[in-house]
Amino acid sequence: INSASLLFDGAPEGPITFSGSTNRDGNDWAFDLGLTGPNLTVDAQGLAIDPTGADGEIEGEMIARADDLSIFSELANSALAGNIAVDLKGGLALDLEQFDLDGSVTGSGLSVGQAQVDQLIAGDVLLDIDASRNEEAIDLDTFTVSTHLLAVDVQGELGARASSIAIDARLADVAPFAAGFSGPLGVTGTIGQNGSGANFVPDLSLTGPGGTEATLRGETAPDFSTVNIALDGFAPLGLINQFIQPRSLAGNVGFELAVNGAPTVENVTGVITTSGTRLVDPSIRINFDDISGNVSLENGRANVAMVAIPQDGGQISIEGPIALTPPLDANVTIRLNDAGFVDPRLFETQIDGTIELAGPLQGGASITGSLIIGNTTVRIPSSSLGGAGSIPYIIHINEPAAVRSTRRRAGLIKEETAETARSGPAFPIDLRISAPGQIFVRGRGLDAEFQGDVRVTGTSNDVVPIGDFSLVRGRLDI
């Protein structure tokens, strides 16, 4: 072929040459095949034993090398890179009932266009395999994968009478995949199977940074239609921070979970507990310290019982059931006990009261309750009257991803318009807010105290306040 580009898009210019020879001896055929092309060579030689008979098989060796995988990027619809070499020898029955294979795959500079996978396979990669199959079982004498970060060793037997596969896998450092954490992650154990078609029996243990540990034990049907699995362990909550940015969690979580029956949320039981946990949400300037409590799972519902201490004092508790299937029906009570909330630029306040959230969380749940506003100070900033004024809107051109991520965490990027926000699911509101006094408005020479009552009605998309605040006393000094 004059040019490889004739075979598929993205292939480089340059000829591809096929070569081969065969030699027949009775019903057996010896072969010697070769292919050369741009950055690609394949050589295969061996013996096809009675290839048209009932017991036909092939014995031989194949050596292949691709010096630049990027030529296959268009074909794979992914940004490939690096080089790879395959050396495989052994025998294979044409009906695949028997085989005996021994080989290796080596690579360097590999990339498949997926960031986390690329981090795993960066540098040199080595895969070794030595496996065979007879009428009774598949023997996996060697199956190892080695990269600069990952080491996997699997050995064992898969058979009609009994199976047992031993697994030993280790990730040298979780830092590339879990921001804020570093250290090794390991999984060891066995996966067994007793008899043909019998249940799988996993017995696995996991250890990781920050005291992470977990065990998985039980059994599952071969088609996973039914399971009887227990998962117990302990892990740092910071592992999920990259998924909840700009919010962040610090603390630990313990879990004792089980699935018995079909693998659905209705059959998940157990409890998840935490204590001494801290939640920071810079987008709404709220920090919660010493979060403790548990979430128990049963009959497709999560029963929440949590207590948190706002950074500015007081206490908030949340309790009640939440369905784990759409539309996520809930009946949750939120209690505030002198809960302090502060925005240093605008206000500080304390709130007592109860809020009830009842109905589907995907839209339509009612928000009702009664709140009492305690000692509150609202500040009128004086800085805007002089000086250079506020910073004008800045257009960022060719903004680096890291800078945009920082601005997003700081709440400086509005991801949606007001119209988009108002178009979300509506939640009916009926909240009574009472301020018997000590609502102080201060700044720019003003020192005033207010009191009043407001009923907040409507929906989350169209809030309708009813009521007023009246002046108790005041002074204006110009």
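Residues numbered from 1 in each chain as written. Predicted model: local features only at pLDDT ≥ 70, side-chain atom pairs only at ≥ 80, totals over all residues. Heavy atoms only, no water.

**What to know about the overall build of the chain**
This is how it is decided: Under the scheme used here, helices are H or I runs from DSSP no shorter than 4 residues and strands are E runs no shorter than 2 residues, and both carry numbers assigned from the N terminus. With C-alpha atoms as the basis for the radius of gyration, the globule rule is written as 2.2 Å multiplied by the number of residues raised to the power 0.38. Working definition: with a 1.4 Å probe on protein chains only, accessible area under 20% of the residue-type maximum means buried, over 50% means exposed, and in between means partly exposed. Whether two residues are in contact is decided by their heavy atoms: any pair within 4.5 Å suffices. Residue-level accessible areas treat just the shown protein chains as cover; the underlying method is Shrake-Rupley with a 1.4 Å probe.
For the chain, the helix and strand inventory stands at five helices and 26 strands. By the compact-globule yardstick of 23 Å for 478 residues, the chain is too spread out, its C-alpha radius of gyration being 33 Å. Along the first, second and third principal axes, the C-alpha set of the chain runs to 115 × 55 × 40 Å. Counting the 478 residues in the chain, one finds 27% classified as buried. Residue pairs in contact within the chain that sit at least 24 positions apart in sequence constitute 38% of those at least 6 positions apart. Surface summary for the chain: the accessible area is close to 27,800 Å², and the carbon and sulfur share equals 56%.

**A short note on the pairing of strand β10 (residues 162-171)**
Note the threshold: DSSP calls a pair of strands paired once it identifies at least 2 bridges connecting them.
As judged from the eight bridges shared by strand β9 (residues 150-159) and β10, these two strands associate in the antiparallel manner. Looking across to β10, one finds that D153 is bridged to D168. Two strands pair when backbone bridges link them, and β10 and strand β11 (residues 185-194) are joined in this way by 10 bridges, in the antiparallel orientation. Along β11, the bridge assignment pairs L171 with L185.

**As for the nonpolar core**
Counted only if it meets this: We call a set of buried residues a nonpolar core when its members are Ala, Val, Leu, Ile, Met, Phe, Trp, Tyr or Cys and they connect through side-chain atoms within 4.5 Å of each other.
With 19 residues, the main nonpolar core has I316, L336, F341 and I351 as its most contacted residues. Mapped by element, the contributors of at least two residues to this core are β17 (286-298), β18 (301-310), β20 (329-343), β21 (347-360), β22 (366-373), β24 (429-443) and β25 (446-459). Residue contacts for I316: discarding those within four places in its chain leaves F288, M306, V307, A308, P310, I334, R335, L336, A339 and F341. Core analysis: the second largest hydrophobic core is formed by 10 residues, V253, L257, L297 and A302 among them.

**Notes on the environment of V259**
Tracing the backbone through its elements, the reader meets V259 in strand β15 (residues 248-261). Residues V259 and G60 lie 199 residues apart in sequence; the distance between their C-alpha atoms is 47 Å. Residues within four places of V259 in sequence aside, it is in contact with V227, N228, I229, N267 and V268.

**Some thoughts on a nonpolar patch on the surface**
What counts is decided by this rule: In this analysis, a patch consists of residues with relative accessible area above 30% that form no salt bridge, clustered at 9 Å for like charges and at 5 Å for the nonpolar side chains Val, Leu, Ile, Met, Phe, Trp and Tyr. A side-chain nitrogen of Lys or Arg and a carboxyl oxygen of Asp or Glu constitute a salt bridge if their distance falls within 4 Å.
The grouping of I1, L6, L7 and F18 at the surface amounts to a nonpolar patch, some 440 Å² of accessible area in total. Along the chain, the position of L6 falls in the segment before β1 (17-25).

**Remarks on unusual backbone geometry**
Residue Q245 is joined to P246 through a cis peptide bond whose omega torsion reads 5°. For the peptide bond that leads from P326 to P327, omega is 5°, which places it in the cis range. Note that P327 resides in the loop between β19 (315-323) and β20. Phi is positive for N77, which is not a glycine, with a value near 55°. Here N77 is to be found in the loop between α1 (73-76) and β5 (81-93). We classify N77 as exposed; its relative accessible area is 71%.

**A short note on the packing of aromatic side chains**
Note the cut-off: Side-chain rings of Phe, Tyr and Trp, where Trp is taken by its six-membered ring, are said to pair if the distance between their centres is within 6.5 Å; with planes under 30 degrees apart they count as stacked, over 60 as edge-to-face, and otherwise as tilted. Criterion for a charge above a ring: Arg CZ or Lys NZ at most 6 Å from the ring centre, at most 35 degrees from the ring normal.
Evaluated as defined, the whole model comprises one aromatic pair. Taking 6.3 Å as the distance between ring centres and 20° as the angle between the ring planes, the aromatic pair formed by F200 and F224 counts as stacked. Placement of the pair is F200 in strand β12 (residues 200-207) and F224 in the loop between β13 (213-220) and β14 (227-236), with a sequence separation of 24 residues. The ring of F440 has R442 lying over it, and the distance from NZ or CZ to the ring centre is 4.4 Å.

**A word on the pattern of salt bridges**
Taken as a whole and judged by the stated rule, the model has 11 salt bridges. Here D281 and R247 are joined by a salt bridge, their closest N and O atoms 3.9 Å apart. Here D281 is found in strand β16 (residues 268-281), whereas its partner R247 is found in the loop between α3 (241-244) and β15, with 34 residues between them in sequence. With a relative accessible area of 10%, D281 lands in the buried category. Salt-bridge contacts for E399 lead to R404; the nearest nitrogen and oxygen are separated by 3.5 Å. Assessed through its relative accessible area of 19%, E399 is described here as buried.

**Regarding the confidence of the model for the chain**
As a reminder of what qualifies: One confidence number per residue, pLDDT, is output by the predictor and ranges from 0 to 100.
Mean pLDDT over the chain works out to 88, with 93% of the residues at or above the 70 mark. Note on residues 384-388: pLDDT under 50 across the span, and two contacts to partners over four residues away in sequence or across chains. With pLDDT under 50 throughout, residues 416-421 is counted as low confidence; its partners more than four residues away or in other chains account for two contacts.

**Remarks on a negative patch on the surface**
The condition is simple: The convention is simple: Lys and Arg are positive, Asp and Glu are negative, and His and the chain ends are not counted. Charge positions are represented by NZ for Lys, CZ for Arg, CG for Asp and CD for Glu.
A cluster of acidic side chains, namely E61, D87, D100, D102 and D141, defines a negative patch on the protein surface. Within the element layout of this structure, D141 appears in strand β8 (residues 137-146).

**Regarding the environment of A151**
Mapped onto the fold, A151 is located in strand β9. Distance from A151 to A172, taken between C-alpha atoms, is 8.0 Å for residues 21 residues apart in sequence. If we skip the residues at most four places from it in the chain, A151 touches V145, D168, A169 and R170.

**Quick look at the pairing of strand β26 (residues 462-476)**
Direction of pairing for β25 relative to β26: antiparallel, over a ladder of 14 bridges. Opposite G458, over in β26, you have V463 as the bridge partner.

**A closer look at the environment of A178**
Tracing the sequence through the fold places A178 in the loop between β10 and β11. Note on A178: relative accessible area 7%, which makes it buried. Along the backbone, A178 and Q98 are 80 residues apart, and their C-alpha atoms lie at a distance of 43 Å. The contacts of A178, once residues within four sequence positions are left out, are L239 and Q242.

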